[in-house]
Amino acid sequence: MVESAARVVVAKPGLDGHDRGVKVVARVLRDAGVEVIYTGLRQTPEMIVAAALQEDADGIGLSVLSGAHMTMFGRVMELLEENDATDILVFGGGIIPEEDIERLEGLGVAKVFTPGAPTADIAAWVKENIRPIHAA
């Protein structure tokens, strides 16, 4: 039996226009065998969750550098709940104060990476924690 790759939607929610880091992470995940769907800049939480549902994603990775992490992550988690899609694991990173990481985890965010996190650690975490849930 061939194991299918995890599918992850990677997104930049909000008005943040800096996408170099998220593109590097997307490339590293692809190189690690993860199927990555990058939605691009300036996505709303509604657009991100819709893409994850449409793509049968196993995970959602968010990159937030604008300071709107509590709002953006929180709304994504709400929308997943509303769509009975809490099996989609949410992770992310960006400029997120240490004191907010616990709050995000309390909302159900599985993992938060801070600036300087080695890309190999991100790929390893995704490979270890995000498993295909919508296998054909």
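Residue indices follow the written sequence of each chain, beginning from 1 at its first position. Reporting in this predicted model follows two pLDDT cut-offs: at least 70 for local features of residues, and 80 or more for side-chain atom pairs to be given and counted; totals over whole chains, interfaces and linings ignore these cut-offs and use all residues. Where side-chain values are given, they derive from all heavy atoms of the structure, hydrogens and water being excluded.

The name recorded for the protein chain in an unreviewed UniProt entry is Cobalamin B12-binding domain-containing protein, from Nocardiopsis coralli. Looking at the Cofactor (unreviewed entry) heading of the UniProt record, one finds this comment for the protein chain: "adenosylcob(III)alamin". UniProt positions are given in the numbering used here, feature names are shortened, and annotations may be inferred rather than shown by experiment.

Buried residues are those whose accessible area, probed at 1.4 Å on protein chains only, stays under 20% of the maximum for their type, while exposed residues exceed 50% and partly exposed ones sit between those limits. Helix and strand labels come from DSSP, where a helix needs a run of H or I of at least four residues and a strand needs a run of E of at least two; each type is numbered from the N terminus. Buried residues dominate strand E1 (residues 7–11), accounting for four of its five residues. Where E1 lies against strand E2 (residues 35–38), four bridges are found, and the strand directions are parallel. Bridge pairing in E2 links Arg7 to Glu35. Remark: the E1/helix H1 (residues 20–31)/E2 crossover connection has right-handed handedness. Whether two strands pair comes down to DSSP finding at least two bridges between them. Here E1 pairs with strand E3 (residues 59–64) via four bridges, running parallel. The residue bridging Ala11 from the neighbouring strand is Leu62, located in E3. By convention, orient the strands away from the viewer: a clockwise path from the first strand over the helix to the second makes the crossover right-handed.

Each salt bridge in this description consists of a side-chain nitrogen of Lys or Arg and a carboxyl oxygen of Asp or Glu lying within 4 Å of one another. This structure, assessed with the given rule, holds nine salt bridges. Here Glu35 makes a salt bridge to Arg7, at a shortest N to O gap of 3.3 Å. With a gap of 28 residues between them, Glu35 in strand E2 and Arg7 in strand E1 connect regions that are remote in the sequence. Of the residues examined, Arg7 reaches a relative accessible area of 21% and is grouped as partly exposed. Here Lys23 makes a salt bridge to Asp19, at a shortest N to O gap of 3.1 Å. The partly exposed category is assigned to Lys23, whose relative accessible area is 45%.

Looking now at the packing of helix H2 (residues 45–54) against helix H3 (residues 69–82). Axis lines are fitted to C-alpha atoms, over the contacting stretch for helices. Their N-to-C directions set the angle, which ranges from 0 to 180 degrees. Contact pair H2 / H3: the axes reach a minimum separation of 9 Å and the direction vectors enclose 45 degrees. What the angle tells us is that H2 and H3 run oblique. Crossing geometry of H2 relative to H3 is assigned as right-handed. Side by side, H2 and H3 meet where Pro45, Glu46 and Val49 of the first sit next to Met72, Arg75, Val76, Leu79 and Leu80 of the second. Every angle not falling under 35 degrees, over 145, or within 65 to 115 is termed oblique; those three ranges are roughly parallel, roughly antiparallel and roughly perpendicular. Should the near helix be turned anticlockwise from the far one by less than a right angle, the crossing is left-handed, and should it be turned clockwise, the crossing is right-handed. Contact criterion: two residues are considered in contact whenever any of their non-hydrogen atoms come within 4.5 Å of each other.

Attention now goes to the environment of Gly40. With respect to the element layout, Gly40 can be found in the loop between E2 and H2. Along the chain, Gly40 and Gly61 lie 21 residues apart, while their C-alpha atoms are 12 Å from each other.

On to helix H5 (residues 119–129), then. Among the residues making up H5, those that are buried are Ile122, Ala123, Trp125 and Val126. Take H5 and look down its axis: the buried residues cluster within an arc of 160 degrees, on one side only. Relative to its buried face, H5 has exposed residues pointing more than 90 degrees away, namely Ala120 and Glu128. On its buried face, H5 sits against E1, H1, strand E4 (89–94) and strand E5 (111–113). Picture the helix axis, draw a direction to every C-beta atom, and the arc is the one those directions span.

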